[in-house]
Amino acid sequence: MSSPRLRLAAAFALTCAALAAARADTPSPLVWTFRDLRAVGGSVPEVLGSPQVLPDGAVHFNGVDQGLVVPANPISGWSRFTVAVLFRPEDDAPEAQRFLHIEDPDGRRLTVEDRVVKGKGWYMDTFLLSGKGRTLIDPAKLHPLGRWAWGELVYDGRLMRSYVDGVPELSGEVAFAPMAGGRTSVGVRLNRVYWFKGEIREVRFYPAALAPADLPRAP
């Protein structure tokens, strides 16, 4: 008969193998970067104003008149998805900032946003609309300004969840039909209001509802 120590070691090995297998099954994301604003996600964006590409590959928006409108919808046709944005809001950013907005011709909409509380921090605001909408927002869940963070929205076909750096924030049920085509704006809402002030380095789109352990964390 094996000793308790050997049984514990075997159980630990099985757990590690199961986690590795689960992560191996995580689909590769479609990744948007911003080192060259002449092409984003394989499409030529409309550049609003003059956002600045920084040496680290992030793009800086001034919170007034700078943004990108990409003639593509990276989650078109997906019934389940994860959208993750690596961003850094500045200390003097406007209160309401819609820094990622996807919408199709039928009005289905996804937004990832933040709200800035001067001198205190920012909190997440995620939104899905397909007929009826669902907003996940809690002003009590504050995060530091001036630091990089991943804002993450996960939809599994029934439940919508929001995360910051892989840490759960809020969840709620919503019926969200797969999108059909459309456009995406970065740094501003598609109708050119609620401009973002700060930096965005990367956006990832996964065709699956990722588990918290598989979500990206800030550098």
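To be clear, the structure that these remarks concern was listed above.
These remarks concern the structure in this document. (Residues numbered from 1 in each chain as written. Predicted model: local features only at pLDDT ≥ 70, side-chain atom pairs only at ≥ 80, totals over all residues. Heavy atoms only, no water.)

**Examining the overall build of the protein chain**
When helices and strands are counted, the protein chain shows one helix and 15 strands. The 219 residues of the protein chain split such that 48% are buried. Across the protein chain, the fraction of contacts at a sequence separation of at least 24, relative to all contacts at a separation of at least 6, is 65%. When the accessible area of the protein chain is evaluated, it comes to approximately 10,300 Å², of which 54% is carbon and sulfur surface. (Helix = DSSP H or I, 4+ residues; strand = E, 2+ residues; numbered from the N terminus. Buried < 20%, exposed > 50% of the residue type's maximum accessible area, 1.4 Å probe, protein only. Contact = heavy atoms within 4.5 Å. Areas by Shrake-Rupley, 256 points an atom, 1.4 Å probe, with all protein chains shown as cover.)

**Observations concerning the environment of Asp 92**
On the secondary structure map, Asp 92 appears in the loop between strand E6 (81-89) and strand E7 (96-103). Considered as a pair, Asp 92 and Val 116 are 24 residues apart in the sequence and their alpha carbons are 8.6 Å apart. Discounting chain neighbours no more than four positions away, the residues touching Asp 92 are Lys 118 and Lys 197.

**Some words on the pairing of strand E12 (residues 159-164)**
Burial analysis of E12 places five of its six residues in the buried class, the great majority of the element. Pairing geometry for strand E11 (residues 149-155) and E12, over five bridges, is antiparallel. Looking across to E12, one finds that Gly 151 is bridged to Val 164. Taking the residues that link successive antiparallel strands as the turn, the E11-E12 hairpin has three residues, and the phi of Gly 157 there is positive, at about 100°. Bridge count for E12 against strand E13 (residues 167-173) is six bridges, and the pairing is antiparallel. Its bridge partner lying in E13, Tyr 163 is registered against Pro 168. (Pairing = 2+ DSSP bridges.)

**Concerning the packing of aromatic side chains**
Per the counting criterion, the structure on display carries nine aromatic pairs. Measuring from ring centre to ring centre gives 6.5 Å for Phe 61 and Phe 196, while their planes differ by 70°; the resulting arrangement is edge-to-face. One end of the pair, Phe 61, is in strand E4 (residues 59-62); the other, Phe 196, is in the loop between strand E14 (183-186) and strand E15 (197-206), and 135 residues separate them in sequence. For the pair Phe 61 and Phe 196, a shared accessibility class is recorded, and that class is buried. Centre to centre, the rings of Phe 81 and Tyr 155 are 5.6 Å apart; their planes meet at 35°, and the pair counts as tilted. Taken as a pair, Phe 81 in strand E6 and Tyr 155 in strand E11 lie far apart in primary sequence, 74 residues in all. With relative accessibility at 0%, the residue Phe 81 sits in the buried group. Through successive ring pairs, a cluster of aromatic residues spans Phe 61, Phe 87, Phe 99, Trp 122 and Phe 196. Over the face of the ring belonging to Tyr 194 we find Arg 98, whose NZ or CZ atom lies 3.7 Å from the ring centre. (Phe/Tyr/Trp six-rings, centres within 6.5 Å; stacked < 30°, edge-to-face > 60°. Lys NZ or Arg CZ within 6 Å of the ring centre and 35° of its normal.)

**Here we look at the environment of Leu 68**
Topologically, Leu 68 is positioned in strand E5 (residues 67-70). If we ignore the near neighbours within four places in the chain, the residues touching Leu 68 are Phe 34, Leu 37, Glu 46, Val 47, Pro 51, Phe 61, Thr 184, Ser 185 and Val 186.

**Here's the deal with the sheet that holds strand E9 (residues 121-130)**
Across the sheet, seven strands lie side by side as E2-E5-E14-E7-E8-E9-E10; this open sheet has antiparallel pairing. Edge positions in the open sheet fall to strand E2 (46-48) and strand E10 (132-137), since each of these has one partner strand only. Across the sheet, the mean angle separating the axes of adjacent strands is 15° when strand polarity is ignored. (Axes fitted to C-alpha atoms, helices over the stretch in contact; angles between N-to-C directions.)

**Notes on the nonpolar core**
The biggest cluster of nonpolar side chains holds 39 residues, and the ones touching the most others in it are Phe 34, Phe 81, Leu 100, Leu 110, Leu 128, Ile 200 and Val 203. Element by element, the count of residues in this core is highest for E6, at four residues. Once you skip the residues sitting within four places of it in the chain, Ile 200 turns out to touch Phe 34, Ala 58, Val 59, Phe 61, Val 85, Leu 86, Phe 87, Phe 99, Trp 148, Val 186 and Gly 187. (Core = buried A, V, L, I, M, F, W, Y, C linked by side-chain atoms within 4.5 Å.)

**Considerations on the side chain of Asp 104**
Relative to the helices and strands, Asp 104 is located in the loop between E7 and strand E8 (109-117). In this structure Asp 104 comes out as buried when scored by relative accessible area, which is 4%. Within the structure, the side chain of Asp 104 is placed 3.0 Å from the backbone nitrogen of Asp 106, a separation counted as a polar contact. Within the local environment of Asp 104, its side chain forms a polar contact with the side chain of Arg 108, the two groups lying 2.8 Å apart. Once you skip the residues sitting within four places of it in the chain, Asp 104 turns out to touch Asn 73, Met 179, Ala 180, Gly 181 and Gly 182. (Polar contact = N/O pair within 3.5 Å; in protein donor to acceptor, adjacent residues only side chain to side chain.)

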